[in-house]
Every structure is written in structure tokens, then in C-alpha cells.
Amino acid sequence: MTWEELLERLAQGQDERTLFLPPDLSPEELARYAAGLANHKGGTLFLGVGPDGKVLGASDIHPLQVTHALFELTQGLLLPYVEALEGPGGRVLALHVPQSPAAIAVGAGRVPFWDGRRLTELRMGQALPEPDFTAQVLPAASLSDLDPVEVLRLRRILEERGSALAALPDLELLFALGLLERVEGEARPTVAGLLLAGTPLALRRLLPQAEVSYYFHEDEEGYTFREDFLRSIPALLERLRDLIQARNRVRYLTVGLFRLEVWDFDQEVYREALLNALVHRDWQSRDAIQVHHHRDRLEISNPGGFPPGITPENVLRHPPKRRNPRLAEALYRLGYVERAGSGVDKMYRLLLKYGKEPPEYRLYPEALTLVLYNPELDEGFVRELAEVQERFGAFSLDHLIAVGYLRRVEEATLAELSRALQLPEEASRKVLSRMERMGLVRREGGRYRLAQRDSLAERVLAFLETPRSRREVEALLGLRPRAALALLNRLLREGRAERVGRGAATRYRRR
């Protein structure tokens, strides 16, 4: 968050997810307010701000003091992300507080709760407002709302994964996945159960917001095809895949011994994007997920913004947060998502690998749109990137981000690359220093550019003015044996080099 964004947020005033607090609070008072926010919907607490939004300053408070105090006073249940913001008006600490799935007490029997206007207390044992919606059992939901065909689909998925859950009887399987709960002795589906195995009629009656709308746009004026569907998550993912793939173009590139498939929209990338929209959306909102398929971009919009503390500027690095833990856990067991994160890093890696741009996040007050771009294919860049990775081994994600960014903007400062990497400047400097040693980037006058290196072929041809062995070529360029052989064979096919001798005496020279 920038200082200008802070001032804009302060001008909007306090609400149920935003708190302004002066800097002279005791640690216990601060812990009560932070826990009160966590016990409601979570949000952001601005320390060093008056009730009218005026910056008072919090220059004497270190972020580590805050996190340590809150951790101790809440028995380790609350550890917010603390951001220090400095500007002309002073220093403000922004505490990004996640919503808690269980009551957080501060002191014996005291469970604070922020209702948007004042701090109150819940009684011990009293349920927190708005728990995980996907773990709830809707009053009108019954076992008959589950589709046996969809339950069988879940079992087949588990069998393919080799999961021991696949051997359980249907009811036990559904309980193990968290899709059923016992209510007054009766087995009834949770919201997660309806989303994963509900009949279309049950979804229409109980969860109409589970509808997904797909639009295909030939141009920017209107759409040429639309389909709305209300199905279980496994079924709708299959249908969305079919719709996108039917309009998804692929091109083939040969790099050395390999043939690369470059799709307009990589299937793994848009699958991760769709799963993120399903797992992290606000399921209490009555709005639907929308997928807009253009030739040059794919836009996926879902109700609800990022969880507290996560922004488009830190989404790649922020520890993962799950808005709907019950649904996320079931999808993890079914192999759709990874427990460790949301798959954002996977989307970045696959997009950058084929010369595409990173995903773009557009944040609105009550919604989030993820945009996957499909620029014109730069065959030369994709080939060069593949050849360089063959030489050095697979790039780290940081290397791919830096190379992709510099390719788009030509040159950048350390601060600009830090924002692209979503890393502190010191960490970014280490990444770039290693890339300098690898010969990938160069620094001039405080700005970084991609190194203007001769192509491997030209360097080899210059070396082959005198007959050389394959091992000598490998040693010169630091290539792996397979990569060196592929490069030499290409030069032979192109008639730019010739082979001299046979067997162990084989040498290559320029023609």
C-alpha cells in the first residue's frame, strides 16, 4: 500500500472491516481490537490514526513489537501481517488481520467482537458470526439433494489418485471429505457437499449463486456465444474446459530435440485461475462467476475481493489464506488444489515460460477479476529462453519474472524490478546479482537490461574456425551433452558446419 492509497482509504472512514486506533494504546487494548476484527470478518487496523482519519503517527512502535505482543496475548492464535507506511504526515502501521475460523479470546473468558461501530464481547461458547459458509448445513438441505452420479464421479477421482478414501462406503466417504454433517442425528450435506455433488435442481433451489456464465467474444462489441450452467464443481470444470479448448489455438515450436506446444491459453493456467475463483469467492454473495473469452485475453471474475492483507502487489509472495476452508480441504483431497498455496506461482511460471505476461488482478469493492493475456507469439524469444534454460537448467520463478519484465520494458531500476518481483529491494538485488553472474542481465548507471549476448550458434561457429570436438563445445559454452549435440546437429543440417573424422576422432568445423 502506498501513502496515497493510505490517505484515500482513511478518507473513507471506519467500517466493519476497518479500524483507526491511536498510537498510545496498551498492548492489551490493541490485542482486543485486533482479535475483535478477526472474530468478525477480518480486515485492516490502522495504528497511529485518529477516529476522524487524521494521521497521528506511530513512529515509536516497531512492527515486530506488535506481532510479538498479539501472538503472546492471544495464545498464538493471531499473527497479522504488519505493514509500515511512511509519508509526509508521519508513520502509520497497517495491521492486516485475517478472519478467524474459531473464537480468539484476550484474557480469561473475554472474546472481543468488532461490529463496525464499537467493540463488544461475545460469551464464551457463543458461535462466531459468519463462520466458514461452505462448512454450514443449509436448513432446507437433505441427503436427497446429492446426485449419486456426482458422488460416483468423486469416487472415480479418488481411485485415479490411489486414495484410500475411495474404498469407503458412500456415506463414510462423504463424511471423510467434509461434505456431510450430522444434524440432530441425521446426515445432511454441507454447502461444500452441495457444491461438489449436488443435483442441478438442488443447486438452483439452495445455491443459485453457484451458476457460472461463459461468454465468447469475437471482437470487443458484444459476444457471439454464451452459456450459463449450474452444475457440481467437477462437472462445471469439465464443461468450461470443453468450451475454452474448442476455441483455443495451438502453435508448435521445435527447440533442439523438443517440440513445444504453445496454446493461446494454457490449460493448466486457466484451470488454476478457475479453481481460485471457486475456492476464494464469497459464496454468500448471490452473484455468479463470469468467464469472458476474448482472442487476446481470458477474464475470470468472481464475487468477493482478496482476503485481508492480500493485494495485487503481494499476491505472489503472501502466505496463502483460504476464505472457504471446508471447500478448499475437499478439493485438496480430490487433487484439484494444493494445500500449500493457491497456484498463483504455477500460473506465473507457465505464462512466463512461453513469453506471455504475468496474470493481472483487477480489484473492485465487491469483486475480483483475473486477466490472462494472449499476446502475439514471439517465437525467437521462446526459443532463446528454452535454449538458455537447457544450458543453465530450469530457471527459478524469480529469473523468469525478471527476464519477462525486462523484455517488456527494455530497462528498469532496482525499485521497479522489486515491484515486479514482489520482493524487498535487498532480496531483489541478490536475484539480479546472480543473473548478472549468469550473463542474463547487465547493469549500467543504476538500470538493468537484458544482456545483449551473441546467439549460441554464432558463438559456436566462431569457435569452429578450428576443428573442435563436442566436448570442447560443451566446455566452452557450459552446455549439457544433449544440448551441445542438438546444437551441432542443427548447424550440420543448416549446412553451416561439417563433421570431420569418425568415432572418438570426430571433430566439427565451420563451413
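Computed from a predicted structure; not experimentally measured.

The subject of this paragraph is the overall build of the protein. Along its length, the protein carries 18 helices and 21 strands. Its C-alpha atoms give the protein principal-axis dimensions of roughly 90 × 60 × 50 Å. Here the protein holds 511 residues, and the buried ones make up 50% of them. Across the protein, contacts joining residues at least 24 apart in sequence account for 62% of those joining residues at least 6 apart.

Burial along strand β1 (residues 18-21) is two-sided: the residues Thr18 and Phe20 and Leu19 and Leu21 are all buried. Note that β1 and strand β2 (residues 43-47) share four bridges and pair parallel. Each residue of the ladder has a partner; that of Leu21, found in β2, is Leu47. For the segment spanning β1, helix α2 (residues 27-38) and β2, crossover handedness is right-handed.

Below, the discussion takes up the side chain of Thr44. Counting through the fold element by element, Thr44 comes out in strand β2. If near-sequence neighbours (up to four positions away) are discounted, Thr44 is found in contact with Arg17, Thr18, Leu19, Leu37, Ala94, Leu95 and His96.

In space, the six strands of this open sheet follow the order β10-β9-β13-β14-β16-β15, with mixed pairing throughout. In this open sheet, the two strands that pair with only one neighbour each are β10 (225-229) and β15 (360-364). Averaged over all pairs of adjacent strands, the angle between their axes in this sheet comes to 15 degrees, without regard to strand direction. Direction of pairing for strand β9 (residues 212-217) relative to strand β13 (residues 289-294): parallel, over a ladder of six bridges. Directly across from Tyr215, in β13, lies its bridge partner His292. In this fold helix α8 (residues 233-245) packs onto β9, β10, β13 and β14 (297-303), with an angle of close to 175 degrees to the strand it touches most, β10.

A word on the sheet that holds strand β17 (residues 411-413). The three strands lie next to each other as β17-β19-β18, forming an open sheet whose pairing is antiparallel. Where the open sheet ends on each side, the last strands, each with one partner, are β17 and β18 (441-444). Across the sheet, the mean angle from the axis of one strand to that of its neighbour is 30 degrees, orientation sign disregarded. Relative to strand β19 (residues 447-450), β18 runs antiparallel, the two being bridged by four bridges. Its bridge partner lying in β19, Arg443 is registered against Tyr448.

Attention now moves to the confidence of the model for the protein. Looking at the protein as a whole, the pLDDT averages 87, with 95% of positions reaching at least 70. Below pLDDT 50 for its whole length, residues 125-130 participates in 15 contacts with residues either more than four positions away or in separate chains.

For the rest of this paragraph, the subject is the packing of α8 against helix α9 (residues 267-280). When two helices pack together, their arrangement is given by the angle between the helix axes and the distance between those axes. Look at α8 against α9: their axes get within 11 Å of each other, and the N-to-C directions meet at 140 degrees. Relative to α9, the element α8 lies oblique. Our pair here, α8 against α9, has a crossing hand that is right-handed. Residues Ile233, Leu236, Leu237, Leu240, Arg241, Ile244 and Gln245 of α8 form the contact with α9, whose own contacting residues are Gln267, Tyr270, Leu274, Leu275 and Leu278. Taken together, the residues of the contact of α8 with α9 sort by class into nine nonpolar, two polar and one charged.

Calculation notes
- Residues numbered from 1 in each chain as written.
- Predicted model: local features only at pLDDT ≥ 70, side-chain atom pairs only at ≥ 80, totals over all residues.
- Heavy atoms only, no water.
- Helix = DSSP H or I, 4+ residues; strand = E, 2+ residues; numbered from the N terminus.
- Buried < 20%, exposed > 50% of the residue type's maximum accessible area, 1.4 Å probe, protein only.
- Contact = heavy atoms within 4.5 Å.
- Pairing = 2+ DSSP bridges.
- Right-handed = clockwise from strand over helix to strand, strands pointing away.
- Axes fitted to C-alpha atoms, helices over the stretch in contact; angles between N-to-C directions.
- pLDDT = per-residue confidence, 0-100.
- Parallel < 35°, antiparallel > 145°, perpendicular 65-115°, else oblique.
- Left-handed = near helix turned anticlockwise from the far one by under 90°.
- Nonpolar A, V, L, I, M, F, W, Y, C, P; charged D, E, K, R; others polar.

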